[in-house]
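Residues per chain are reported as follows:
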Amino acid sequence: EDVWVDERLQFPEFKERKPTLPLGYLPVLSIDEEIFTQTEPMVRWAARISGLYPIDLKEAMRVDEVCAVAHEVLYKCPFDADEEVKKAKRLEYAESRMLQNMSYVDSKLAGSSNGFLLPGGISMADLQLYMVVHMIRTGNFDHIEPEYVDRFPNICKNAAAVEADPLIAEYRANYPN
């Protein structure tokens with residue numbers, strides 16, 4: 001049973017509620033009437049209560065490392081107001097820092113017998129990596145070709161394992177975006 005409510009606001013609702021939000025933006029999470037902000041701690045909280053974050057400290061370090069690298073792929077990605085400059089920077093990024101990060105994660109998954117980072121099954125890291133892969137494959141990572149991830153066979157196996165997970169499949173059916 002869900003212990004949370006996924007409330008998605010349309011822009012007019014967000015604009016109306018913005019002054020009441022602690023930092024003026026989303027997401028927010030309410031636990032026992034206390035409001036929390038920031039995506040990363042919310043994800044980790046949800047992962048802990050759902051068994052997607054390991055208790056073992058070394059496994060937790062593996063999860064945190066892959067999550068940090070996945071974040072870096074997104075947040076170190078260059079931007080520019082000029083679309084042509086942005087494209088050139090992103091193409092260079094895809095063959096340098098992004099390639100280095102994706103190759104590193106691919107190597108971390110190399111010994112997996114189940115497609116996931118951890119031998120016990122799906123974790124928060126698998127989901128965060130999947131988010132990056134999904135963005136690329138669906139064309140939502142500007143100027144990075146959807147086939148870019150195909151050069152990382154272990155990441156592709158990981159994405160397939162995530163998609164095959166029954167809860168993920170159910171979630172994707174209910175929330176296709």
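In this text, all values refer to a predicted model and were calculated from it rather than measured experimentally.

(A) Seen up close, helix α7 (residues 153–164). Between its terminal C-alpha atoms α7 stretches 17 Å, which fits the 16 Å expected from twelve residues at 1.5 Å a residue. Of the positions making up α7, those classed as buried are N154, I155, C156, N158, A159, A161 and V162. Against the buried residues of α7 lie α5 (97–108), α6 (124–137) and α8 (166–174).

(B) Region of the structure containing the confidence of the model for the chain. Of all residues in the chain, 97% attain a pLDDT of 70 or more, and the chain-wide mean is 93. Per-element confidence in the chain ranges from a low mean pLDDT of 88 for strand β1 (residues 28–31) to a high of 98 for α5.

(C) Broad picture of the side chain of D126. Secondary-structure assignment places D126 in helix α6. A polar side-chain atom of D126 sits 2.7 Å from the main-chain amide nitrogen of S123.

(D) Region of the structure containing the nonpolar core. The biggest cluster of nonpolar side chains holds 38 residues, and the ones touching the most others in it are V63, M98, M102, I136, F141, Y148 and I155. Those elements that place two or more of their residues in this core are α3 (57–75), α4 (83–94), α5, α6 and α7. The biggest single contributor to this core is α3, with eight residues. Excluding residues that lie within four positions of it along the chain, Y148 makes contacts with A94, E95, M98, L99, M102 and I136.

(E) Focus on the packing of aromatic side chains. Counting across every chain of the model gives three aromatic pairs. A ring pair is formed by F11 and F14, whose centres lie 6.2 Å apart and whose planes are at 45°; its orientation type is tilted. Taken as a pair, F11 and F14 lie in helix α1 (residues 11–17) at a separation of three residues, close to a single helical turn. The class of F11 is exposed, set by a relative accessible area of 56%. For F14, a relative accessible area of 17% corresponds to the buried category. Here the aromatic rings of Y171 and Y175 are separated by 4.8 Å at their centres, their planes lie at 35°, and the arrangement is tilted. What makes Y175 partly exposed here is its relative accessible area of 33%. Above the plane of the ring of F79 lies R90, whose end atom (NZ or CZ) is 4.6 Å from the centre.

(F) Highlighting the environment of D106. Looking at the secondary structure, you find D106 in helix α5. Residue class for D106 comes out buried when judged on its relative accessible area of 10%. Measuring from C-alpha to C-alpha, the distance between D106 and P153 comes to 7.2 Å, with 47 residues separating the pair along the chain. Polar contacts involving the side chain of D106 include one to the main-chain amide nitrogen of I155, which spans 2.8 Å.

(G) Structural view of the pattern of salt bridges. For the structure shown, the criterion picks out nine salt bridges. Note that R97 and E72 form a salt bridge whose closest N and O atoms lie 2.8 Å from each other. Highlighted residues: R97 in helix α5 and E72 in helix α3, separated in sequence by 25 residues. On the accessibility criterion, R97 (36% relative accessible area) is partly exposed. For R151, the salt bridge goes to E95, with nearest N and O atoms at 2.9 Å. Linking R151 in the loop between α6 and α7 with E95 in the loop between α4 and α5, this pair joins segments that are 56 residues apart in sequence. The partly exposed category is assigned to R151, whose relative accessible area is 40%. Connected through salt bridges with shared partners, the residues E40, R44 and D64 form a single ionic network.

Rules used throughout
- Residues numbered from 1 in each chain as written.
- Predicted model: local features only at pLDDT ≥ 70, side-chain atom pairs only at ≥ 80, totals over all residues.
- Heavy atoms only, no water.
- Helix = DSSP H or I, 4+ residues; strand = E, 2+ residues; numbered from the N terminus.
- Expected span 1.5 Å × (residues − 1).
- Buried < 20%, exposed > 50% of the residue type's maximum accessible area, 1.4 Å probe, protein only.
- Contact = heavy atoms within 4.5 Å.
- pLDDT = per-residue confidence, 0-100.
- Polar contact = N/O pair within 3.5 Å; in protein donor to acceptor, adjacent residues only side chain to side chain.
- Core = buried A, V, L, I, M, F, W, Y, C linked by side-chain atoms within 4.5 Å.
- Phe/Tyr/Trp six-rings, centres within 6.5 Å; stacked < 30°, edge-to-face > 60°.
- Lys NZ or Arg CZ within 6 Å of the ring centre and 35° of its normal.
- Salt bridge = Lys/Arg side-chain N within 4 Å of Asp/Glu carboxyl O.

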